[in-house]
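# Architecture and fold: a report
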Amino acid sequence: MANSGSLKSTIAVSLTNYLDAGAIVAGASGLTLWQNYLGLSEVHLGWLNFISANCLGAALGAIIGGFLADKYGRKFIFTYNLLVYMTGVLLIMLSVNFPMLLCGFLVTGISVGVGVPASWTYISESSEVNNRGRNICISQMSWGLGPMCILLFGMLFAPGGYLFDWVKSVAFAFGGSDLSVEAINVFSSRIVFLTLFIVAFIAWNLQRQLQESAEFTATQATGEKSGLLENIQVLFSNKIAVRTVAFLATIYLTWNLVASVMGFFQPHIYETAGGVSNEQANWMNCIQWAIIVGVTFIVSKLIDKTSHKAIYTFGLLVAISAWLVIVTIGVNGMVGLWLFAILWGVQGGSSPQIFYALWGSELFPAKFRAGAQGLMFFIVRGLSAVWGLVFTYIYGDNGEGFTLAAYCMITLLAISLVVGFIGAPKTRGRSLEDITRERYGDNY
């Protein structure tokens, strides 16, 4: 059953996506500043990506959070999880060495992972049949607004930005007047993370007031066990559930291996391979996120009325076109860079992440819905963590391996396109109960 007023709860829960993508991009936009301040190598940067909200941290959090949400409820996650997020962000803000920064990225990443399966599950369970896709798209718009706002803040606070004089005064107030240039500059990144801390505090206050999901409450009323081990056993003993995990993990993983690299390294890539300044790179990235938000808004109007397969296919064809720009025109000139940025923005508004979130909450019964999503998120973000490390070696210190990396990206996106096109389920306009009954019978 869906609750009335699902839009209000969707907006509250969608702030989790703002904080997820915001944490990734906040790290990315200030990556060069932290590198200069702490004397980090490209390998150090790879490790930051490896354990962050982009990869391993989120992977660990997701598998824990998904099954916790199935055992204790979606509201349990909303009540406590963002306290962990604020702790991680605080660690980053106060970092004075690499281990401290690494720890902050890890704690923040774990919190992001814990929150994502519960939020997508809750949005679907609290949506009406005719707006489930729209509400998932709203959560994805929040996923785009996070980076857009964070990049704007980053540019305002960055060295040379309009508010950098204020940043310097804050740096001197906290660190004294004898700070190095690098130590002063990195305060712009610290303040960007402060904005995430503030949004997380607001989101925590909104989310802990939400009512528990009606579907979860109904499942608990049956009196069946729903512990971690029981749900894992049920999940893996059901052939339909196992096939669904394989399908969704494949379409999401192959796309996310590309998107995770872009989410964390994109400004850095623009600077090294494209040869633009940090400010230019962040402006390009910010405009790209604005395009993502705009396209997602359009998709939100269509997704409950139009073929899911058609929207999915369109998004991936545009994604592949973006990377074909790299291997044909290249990114050494502004034409190639802008064309790539625009195309990647368009695909982001109709990406497999929308359909992974939608199908992932539709194709599993309430009993292990969040746990199944957490498991898949663990697989995807965990392998993305490994790929992030591999990418730094393919890419090289100055982007000399970018063309080879582009061919790898095209191959991954093509796999996501083919598997998704073949396996796209027909769930549009149907209730979660109806979908569950058809796939799993009356026992779930």
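This section reports on the structure supplied with the text.

## Some details on the overall build of the protein
Per the secondary structure count, the protein includes 20 helices and zero strands. Taking 2.2 N^0.38 as the reference for a compact globule, 444 residues should give roughly 22 Å; the C-alpha atoms of the protein span a radius of gyration of 21 Å, in line with that estimate. Counting only C-alpha atoms and orienting by the principal axes, one finds that the protein spans roughly 70 × 50 × 35 Å. A total of 444 residues make up the protein; the buried ones form 61% of that total. By sequence separation, contacts in the protein at least 24 residues apart represent 83% of the contacts at least 6 residues apart. Accessible area for the protein stands at about 16,500 Å²; split by element, carbon and sulfur atoms hold 68% of it. Of note, the protein has its 23 positive side-chain charges centred 10 Å away from the centre of its 22 negative side-chain charges.

## Quick look at the packing of helix H5 (residues 74-93) against helix H6 (residues 98-125)
Where H5 meets H6, the axes come as close as 8 Å, and the angle between the chain directions of the two elements is 155°. It follows that H5 is roughly antiparallel to H6 by the angle criterion. Like other packed secondary-structure pairs, H5 and H6 cross with a definite hand, here left-handed. Residue composition of the contact of H5 with H6, by class: 16 nonpolar, eight polar and two charged.

## Some words on H5
With 20 residues, H5 extends 29 Å between its outermost C-alpha atoms, agreeing within 8% with the 28 Å of an ideal straight helix rising 1.5 Å per residue. By the largest-angle criterion, Tyr80 marks the main kink of H5, which is about 35°.

## Focus: the pattern of salt bridges
Under the defined criterion, the tally for this structure stands at eight salt bridges. In this structure, Arg74 engages Glu125 in a salt bridge whose closest nitrogen and oxygen atoms are separated by 2.8 Å. Residue Arg74 is found in helix H5, and its partner Glu125 is found in helix H6; the two are separated by 51 residues along the sequence. The pair Arg74 / Glu125 is uniform in exposure class, with both members buried. For Asp434, the salt bridge goes to Arg430, with nearest N and O atoms at 3.0 Å. By relative accessible area, Arg430 is classed as buried at 19%.

## Focus: the side chain of Gln288
With respect to the helices and strands, the residue Gln288 is situated in helix H14 (residues 278-302). Residue class for Gln288 comes out buried when judged on its relative accessible area of 1%.

## Considerations on the nonpolar core
If you look at the biggest cluster of nonpolar residues, it comprises 133 residues, and the most contacted ones within it are Trp323, Trp359 and Phe364. A per-element tally of this core places helix H13 (residues 239-272) first, with 15 residues. Ignoring any residue separated from it by four or fewer positions in sequence, one finds Trp359 in contact with Phe247, Leu248, Ile251, His308, Tyr312, Ala424, Pro425 and Thr427.

## Regarding helix H15 (residues 308-328)
With 21 residues, H15 should reach 30 Å at 1.5 Å per residue; the first-to-last C-alpha distance of 31 Å fits that figure. The N-cap of H15, judged by a side-chain oxygen 3.3 Å from the amide nitrogen of Lys309 a few residues on, is Ser307. Directly beyond the C-terminal end of H15, a positive phi value near 90° is found at Gly330.

## Side note on the packing of aromatic side chains
Taken as a whole and assessed by the stated rule, the structure comprises 24 aromatic pairs. Look at Phe157 and Trp166: their rings are 5.9 Å apart centre to centre, the planes differ by 40°, and that puts the pair in the tilted class. Using a relative accessible area of 8% as the deciding quantity, one classes Phe157 as buried. Judged by its relative accessible area of 45%, Trp166 falls in the partly exposed class. Ring plane angle 20° and centroid distance 6.1 Å describe the contact between Tyr252 and Trp255, whose orientation is recorded as stacked. Placement of the pair is Tyr252 and Trp255 together in helix H13, with a separation of three residues, close to one helical turn. Neither residue differs from the other here; Tyr252 and Trp255 are each classed as buried. Following the ring pairs from residue to residue traces out a cluster consisting of Trp120, Trp143, Tyr252, Trp255, Trp289, Tyr356 and Phe377. When the ring centre of Tyr72 is taken as origin, the NZ or CZ atom of Lys71, which lies over that ring, is 5.4 Å away.

## Considerations on the environment of Ile150
Within the secondary structure, Ile150 sits in helix H7 (residues 132-157). Put simply, Ile150 and Ser29 are 121 residues apart on the chain and 8.3 Å apart in space, counted from C-alpha to C-alpha.

## Quick notes on the state of the cysteines
For the coordinates displayed, the defined rule picks out zero disulfides. Its sulfur unpaired, Cys137 is 19 Å from the next cysteine sulfur, which belongs to Cys149.

## Quick word on the packing of helix H3 (residues 42-50) against H6
Across the interface, H3 lies against H6 with an axial gap of 9 Å and an inter-helix angle of 30°. Comparing their axes, H6 and H3 come out roughly parallel. Where H3 abuts H6, its residues His44, Trp47 and Leu48 lie against Phe98, Leu101, Leu102 and Phe105. Among the residues making up the contact of H3 with H6, the classes are represented as six nonpolar, one polar and no charged.

The rules behind the values
Residues numbered from 1 in each chain as written. Predicted model: local features only at pLDDT ≥ 70, side-chain atom pairs only at ≥ 80, totals over all residues. Heavy atoms only, no water. Helix = DSSP H or I, 4+ residues; strand = E, 2+ residues; numbered from the N terminus. Rg over C-alpha atoms; globule rule 2.2 N^0.38 Å. Buried < 20%, exposed > 50% of the residue type's maximum accessible area, 1.4 Å probe, protein only. Contact = heavy atoms within 4.5 Å. Areas by Shrake-Rupley, 256 points an atom, 1.4 Å probe, with all protein chains shown as cover. Lys, Arg positive; Asp, Glu negative; His and termini not counted. Charge placed at Lys NZ, Arg CZ, Asp CG, Glu CD. Axes fitted to C-alpha atoms, helices over the stretch in contact; angles between N-to-C directions. Parallel < 35°, antiparallel > 145°, perpendicular 65-115°, else oblique. Left-handed = near helix turned anticlockwise from the far one by under 90°. Nonpolar A, V, L, I, M, F, W, Y, C, P; charged D, E, K, R; others polar. Expected span 1.5 Å × (residues − 1). Bend = angle between axes of the 7 residues up to and from the residue. Salt bridge = Lys/Arg side-chain N within 4 Å of Asp/Glu carboxyl O. Core = buried A, V, L, I, M, F, W, Y, C linked by side-chain atoms within 4.5 Å. Polar contact = N/O pair within 3.5 Å; in protein donor to acceptor, adjacent residues only side chain to side chain. Phe/Tyr/Trp six-rings, centres within 6.5 Å; stacked < 30°, edge-to-face > 60°. Lys NZ or Arg CZ within 6 Å of the ring centre and 35° of its normal. Disulfide = S-S within 2.5 Å.

The quantities given are spatial measurements derived from coordinates; they are silent on function.
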